[in-house]
Amino acid sequence: MSRHEGHLTRVLRVDAKEPDVHAIREAAAALLEDELVAFPTETVYGLGANALSARAVQALFEAKGRPATDPIIVHVASAADVRQIARDVPAIVDELAARFWPGPLTLVLPKLPIVTDAITAGLHTVGVRVPSHPVAQLLLREAGVPVAAPSANRFSRPSPTHARHVVDDLDGLVAIVLDAGPASVGVESTVLDLTVSPFLVRRPGGVSVEELRTIVPDIVVRSRYAHGGEPLAAPGQLLRHYAPRAELTLYLGDTKAVATRMAADTRALTASGARVGILAPEEDLLAMAPMIASQAARGKVRTVGYGARRDVARAARELFAALRTLDAEDVDKILASAPEAQQLGAAIHDRLIRAAEGRVRYV
Ligand code: TXA
Ligand code: MG
C-alpha cells in the first residue's frame, strides 16, 4: 500500500461529533514526533504538521509536492492562541473571532519570529485559522502546538472532502488519516488579509463576503479572476491551481441560457468524436437532459451533478468530489456551470474559474 519504504498510512475512523479520544491522542503524538497527520476540518481535510518543527514542515511540502512559494495556513485551537504566532493583532480580530471563529475564516496577520519562512514562503505575515470541526479542535488541544495544514491533496488536485480523497492522493506519505466522514462546508476557508488597507479577501470561501461585510463593511475582494481581468501578483494567486485532466470550460448565466448553450456545444463536440463530461447543478442538468438525450444514450456524454442552484451550500459540499469523479473518467472536454456568485456561490465561481484557467463563457 505504501509508496515510501517503511511508511504505512493508517486510517482511523472517528465519530465526527464525539471523537474517540484514543485516536486523537495517537494522532497528536504522531504530530509531536514530526509525522504528518491528515485530519477533518469543516471546510476540507487538512494535512497537518507541527508548525514549530522545521523538519515536519519540510515533510509537508514534500508530501504535497507543493512549491515553496505558496504560504501555509497555521491552525490554532482558540482565538486566544493567535497571539502565539501573530503580532500587532488589531482589535478587529476580536470582533471577527467572536462572530466567525471557530469556523471557515483565515486571517492574515503580521507574524512572530516563531513562524518560519518555510510556512509563510518568506512573507512577514501568517495566515491563521481556528477550525470548528470537533476532531480538529480536539487534535489541536491535545497536540498543544500550532498546526500548519494546507488542504490534504497532492498539489494540483482538488481539495479533499472525504478521507478516501486523502488516501487516493497521499497513501504512504502521511502517517495517520483521521476519517470523520464528509466535510460539511466543502470549500476552503475565506482568506482575509488584515495587513493591508482596506482589508482584502484573497480567497472567497466558507464565510461569505456578505457575512464579512456585516462586521467590516469596506473590505475589497480580489481573487485571481475577480473581474475577468489579469491575474494579480499576490502570494499563492499566480500559481497554477487545480486543473482537471480534460480541458474545462465554465458557462455562466441563468439555467435556460446555460443549458441551451452547453447542450449545443456538447452536440458539436460529440459530433466531432469527443467524449464530453458535464458538471452542473441539478436544475441545469435537468434542463439539458432532453437536448442531449441521444448523445448520452450513445455513451458520448458523462454527466455529474453537484448540488443545486437553489441549494448552494450543497453545491459547495459536493463540488470537489464531483471534480474528482470527472477526473477519473475518460472525457476529452468538461463543460461546467455554476450557481449565482452570491454567498458560497462566490467560492464555487472562484474554484471553477481557476479550473477553467480563464475559459469562461458568459451566456
Ligand atoms: O479551509 C482551509 O483553509 C483549508 C483547511 C485545511 O484549513 N486549508 C487550505 O490551505 O486551504 P491551503 O494551503 O490549501 O490554502 C492556503 C491559502 C492559499 O491561497 C495561500 O496563498 C493563502 O491561504 N495564505 C496562507 N498564508 C498566507 C499569507 N501569509 N498571506 C496571504 N495568503 C496566505
Ligand atoms: Mg489547497
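None of these values were measured; they are calculated from a predicted model. (Residues numbered from 1 in each chain as written. Chains lettered and ligands numbered in written order. Predicted model: local features only at pLDDT ≥ 70, side-chain atom pairs only at ≥ 80, totals over all residues. Heavy atoms only, no water.)

(A) Highlighting the site of ligand 1. Around ligand 1, the surrounding shell holds 24 residues, and the nearest of these are Thr43, Arg66, His75, Ser189 and Arg203. Side-chain polar atom of threonine 125 to a nitrogen atom of ligand 1: 3.1 Å apart, as the coordinates give it. Within the side chain of serine 151, one N or O atom sits 3.0 Å away from an oxygen atom of ligand 1. For ligand 1, the protein covers 95% of the area, taking 690 Å² as the surface of the free molecule. (Near = heavy atom within 4 Å. Polar contact = N/O pair within 3.5 Å; in protein donor to acceptor, adjacent residues only side chain to side chain. Areas by Shrake-Rupley, 256 points an atom, 1.4 Å probe, with all protein chains shown as cover.)

(B) Structural detail: the domain arrangement of the protein. Domain annotation for the protein reports domain 1 (10-221) and domain 2 (247-362). Once you take the C-alpha centre of each, domain 1 and domain 2 turn out to be 30 Å apart. Summed over both sides, the interface between domain 1 and domain 2 buries roughly 1500 Å², with carbon and sulfur atoms accounting for 53% of that surface. The three residues of domain 1 that bury the most area against domain 2 are Pro158, Val187 and Pro204, which together make up 33% of that side's buried surface. The interface formed by domain 1 and domain 2 includes three salt bridges. Between domain 1 and domain 2 we count seven residue pairs in polar contact (both at pLDDT 80 or more) in total. (Domains from an automatic or database assignment. Buried area = accessible area lost by both parts, 1.4 Å probe. Salt bridge = Lys/Arg side-chain N within 4 Å of Asp/Glu carboxyl O.)

(C) Summary view of the confidence of the model for the protein. Per-residue confidence for the protein gives a mean pLDDT of 93, with 93% of residues at or over 70. Low confidence marks residues 225-239, where pLDDT is under 50. Its contacts with residues over four positions away, or in another chain, come to 30 contacts. (pLDDT = per-residue confidence, 0-100. Contact = heavy atoms within 4.5 Å.)

(D) A look at the sheet that holds strand 7 (residues 147-148). Across the sheet, eleven strands lie side by side as 1-8-2-3-7-4-6-5-9-10-11; this open sheet has mixed pairing. Both outer strands of the open sheet, strand 1 (10-13) and strand 11 (220-221), are each paired with one neighbouring strand and no more. In this sheet, strand 3 (residues 45-50) lies alongside strand 2 (residues 37-40) in antiparallel orientation, the contact comprising four bridges. In the sheet register, phenylalanine 39 faces strand 3, and the bridge partner there is glycine 46. (Pairing = 2+ DSSP bridges. Helix = DSSP H or I, 4+ residues; strand = E, 2+ residues; numbered from the N terminus.)

(E) Quick look at the pairing of strand 8 (residues 176-179). Burial of strand 8 is two-sided: the residues Ile176 and Leu178 facing one way and the residues Val177 and Asp179 facing the other way are all buried. Relative to strand 8, strand 1 runs parallel, the two sharing four bridges. Note on strand 8: the bridge partner recorded for arginine 10 is isoleucine 176. Two elements, strand 2 and strand 8, share two bridges in a ladder whose sense is parallel. Following the sheet pairing, alanine 38 is matched in strand 8 by valine 177. (Buried < 20%, exposed > 50% of the residue type's maximum accessible area, 1.4 Å probe, protein only.)

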